[in-house]
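# Structure at a glance
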Amino acid sequence: MASASERSYTRRDTVIFVACVVLSLVGLFSPSAWGLGISNALRDTVLAPLVWLQARAEEGRTSRARLQAITLQRDSAAYLAQGIPSLAAENARLRQLLALSGRISTPYVAAEVLRQTQATDGRTLLLDVGRSDLVSEFDPVVAPEGLIGMVLSAGERSSVVMTWAHPEFRVSAYTVGAGASGVVAPALSSLGADGALEFRGVPYRDSVPAGTLVLSSGLGGVYPKGIPVGTVTGVAREQAGWERVYRLLPAASPGAVAHVLVLISPPGTSLERAFPSDSALAAIRLDSIARVRRSDSAAAAKESAR
Amino acid sequence: MSASRANRIQLILVMALLVLLHFYLRPRLWNARVSPDFLLMALVFFAMRAGPGAGALAGFVVGVVSDALTPAAFGAGALAHTVVGYLAAWGRAVFFADNLLVNAAFVAVAVWVRDLLLLLASGTPQGTLLTELMLNSPLQALSTGAFALLVLVAFRQWFAIRLDV
């Protein structure tokens, strides 16, 4: 038979356990803004040293790869620098002729992704930049391949990103070429559809072939126009003759990125030039070939004049 | 210095080491989703030696820390870790808590149970739930259990672990 002290000990344990469970449930069912506020406050105060420690560890992990990349870039830059003055002059002249702007004209902040072990990690990402780096809520987050998501909450030195895998993620989008528009959301309902997106609300009359690139349309005021969201892989389902829902292969994977860019530009900016589609790349390539041919013919003319 | 106080200090030192490993070593290891969860390991070790109430409280604190760093559903981590901390403390009374493999198995099972509770509490859709529970969670449970073995062998005298299995 348990003694009185053992019984009180067990009762005290049970009370503590129930209190912790109740507090957890309060946190779980309270408005998400409260949870994000508490998270931000914790990350900016008591957890700040741990976040700092993890950021240094991430830096250490990626430093070797970054050093190699920087060395390669430096070598390439040194090689290219030899012809810079003439190229710059030609570039400026061509820009004037074509009225082109620079590829990236949007202010951005480079950020490191701090990975967690939680099973729900893919839905949100923790970045090592925050309000002190001019990052704020609703700033779009992109990887070189395309859209990752947007900043859900920004602390002083860290911020949380809602990725496209989050159930509440939505982005207004359109297709390149076909001109169909709709809303992209994560495919969550069916088994085996993990890691996929759906292009919803496309009018039945607009047929989108597989392989079509889907870009953000800029509507809604959060995501700028022209960021790749995904590629159409097929029809997911049809809604009784008035809309089709297409399955998308996401352009960028939140699970694989180590570094991202947080765009801190005002809404309404277009990023179409920052992520050139196939036709734009082809045009750039043709332009380069024409430039080489011109320089070759000029050199040949100079040689023949001698 | 009394024996119980020395034990407390030793336990605190190991906990601090595990927290350091979680935030400094783990990001340098392989895929974050399957790399060992040193925080949960620390929670299980603590709960098995401190009792159900303290285990639940420690679980709640670890859960709030996890929720603050991965706020997919604030409160889900706290709930999952609280239950795991409480159950780990009760498990000590049922199993042989001084056995090396039992301790490591406890940690591995705790990882899987934590993930199950976390995914259910955060309203994860069925497809993702199955993928996580059948693939990522078992892998993380194995890696965490393996690291728990190493930690227990390294600090076997502090944890009063028997090496005969």
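The model shown is predicted, which means the values in this text are computed figures rather than measured ones. (Residues numbered from 1 in each chain as written. Chains lettered and ligands numbered in written order. Predicted model: local features only at pLDDT ≥ 70, side-chain atom pairs only at ≥ 80, totals over all residues.)

### Quick notes on the overall build of chain B
Secondary structure assignment for chain B yields 7 helices and 0 strands. The buried share of chain B, reckoned over its 165 residues, is 53%. Across chain B, contacts joining residues at least 24 apart in sequence account for 67% of those joining residues at least 6 apart. (Helix = DSSP H or I, 4+ residues; strand = E, 2+ residues; numbered from the N terminus. Buried ≥ 20, exposed ≤ 12 C-beta atoms within 10 Å, placed from the backbone. Contact = placed C-beta atoms within 7 Å.)

### Thoughts on the sheet that holds strand S8 (residues 197-203) of chain A
Judged by pairing direction, the barrel is antiparallel, and its 6 strands sit side by side in the order S6-S7-S8-S11-S10-S9 (chain A) before closing back on the first. The sheet shows a mean angle of 45° between the axes of neighbouring strands, taken without regard to direction. (Pairing = 2+ DSSP bridges. Axes fitted to C-alpha atoms, helices over the stretch in contact; angles between N-to-C directions.)

### Describing the sheet that holds strand S3 (residues 140-143) of chain A
Residue and element names in this part refer to chain A. Spatial ordering of the closed barrel is given by S1-S2-S5-S4-S3-S12, a layout of 6 strands whose pairing is antiparallel. Taking the axes of each pair of neighbouring strands and ignoring which way they run, one obtains an average angle of 45° across the sheet. Sheet analysis places S3 next to strand S12 (residues 259-263), joined by 2 bridges and oriented antiparallel. Of the residues in S12, the one forming a bridge with Val142 is Leu261.

### Thoughts on the interface of chain A and chain B
Taken together, the contact between chain A and chain B spans 42 residues of the former and 47 residues of the latter. Those elements that place two or more of their residues in the side of chain A that touches chain B are helix H1 (4-29), helix H2 (32-44), helix H3 (48-81) and strand S2 (124-127) of chain A. Per element, the largest residue contribution to the side of chain A that touches chain B is 11 residues, and it comes from H1 of chain A. Residue classes in the side of chain A that touches chain B are distributed as 20 nonpolar, 13 polar and 9 charged. (Nonpolar A, V, L, I, M, F, W, Y, C, P; charged D, E, K, R; others polar.)

### Some remarks on the pairing of strand S10 (residues 228-239) of chain A
All names here are of chain A. Relative to S10, strand S9 (residues 213-216) is paired through 3 bridges, and the arrangement is antiparallel. For Leu215, the partnering residue across the bridge sits in S10 and is Pro228. Here S10 pairs with strand S11 (residues 243-250) via 8 bridges, running antiparallel. Across the sheet, the residue bridging to Val232 is Leu248, located in S11.

### Describing the nonpolar core
Membership of the largest hydrophobic core comes to 107 residues, with the highest contact counts inside it found for Leu127, Leu147, Val161 and Val229 of chain A together with Met41, Leu43 and Val44 of chain B. Considering every element that reaches this core, the biggest residue donor is helix H2 (residues 38-50) of chain B, with 11 residues. For this core, the two domains that each supply at least three residues are domain 1 (12-43) and domain 2 (171-255) of chain A. Sequence-distant contacts of Leu43 of chain B, defined by excluding residues within four places in its chain, comprise Ala58, Gly59, Val62, His81, Val84 and Gly85 of chain B. (Core = buried A, V, L, I, M, F, W, Y, C linked by C-beta atoms within 7 Å. Domains from an automatic or database assignment.)

### Looking at unusual backbone geometry
All names here are of chain A. Within the chain, Leu134 stands out as a residue other than glycine whose phi angle is a positive 75°. Structurally, Leu134 is set in the loop between S2 and S3. Positive phi, close to 70°, is recorded for Phe138, a residue that is not glycine. Among the structural elements, Phe138 can be located in the loop between S2 and S3. Its 14 C-beta neighbours within 10 Å are what place Phe138 among the partly exposed residues.

### Notes on the confidence of the model for chain B
All names here are of chain B. Confidence in the prediction for chain B averages 83 pLDDT; 90% of positions are at 70 or higher. For chain B, per-element mean pLDDT is lowest for helix H7 (residues 156-159), which scores 76, and highest for helix H3 (residues 52-69), which scores 90. For this predicted complex, the interface score ipTM comes out at 0.84, while the overall pTM is 0.66. (pLDDT = per-residue confidence, 0-100.)

### Let's talk about the packing of H3 of chain B against helix H4 (residues 76-94) of chain B
Residues and elements named next belong to chain B. Close contact between H3 and H4 brings their axes to 7 Å; oriented N to C, the two are set at 155°. Comparing their axes, H4 and H3 come out roughly antiparallel. The hand of the H3/H4 crossing is right-handed. Across the contact of H3 with H4, the residue classes tally to 15 nonpolar, 8 polar and 1 charged. (Parallel < 35°, antiparallel > 145°, perpendicular 65-115°, else oblique. Left-handed = near helix turned anticlockwise from the far one by under 90°.)

### Thoughts on the pairing of S3 of chain A
Residue and element names in this part refer to chain A. On S3, burial covers both faces: Pro140 and Val142 on one face and Val141 and Ala143 on the other are all buried. Across 4 bridges, the pairing between S3 and strand S4 (residues 146-154) is antiparallel. In the strand pairing of S4, Ala143 is matched with Gly146. In sequence, S3 turns back onto S4 through a hairpin of 2 residues.

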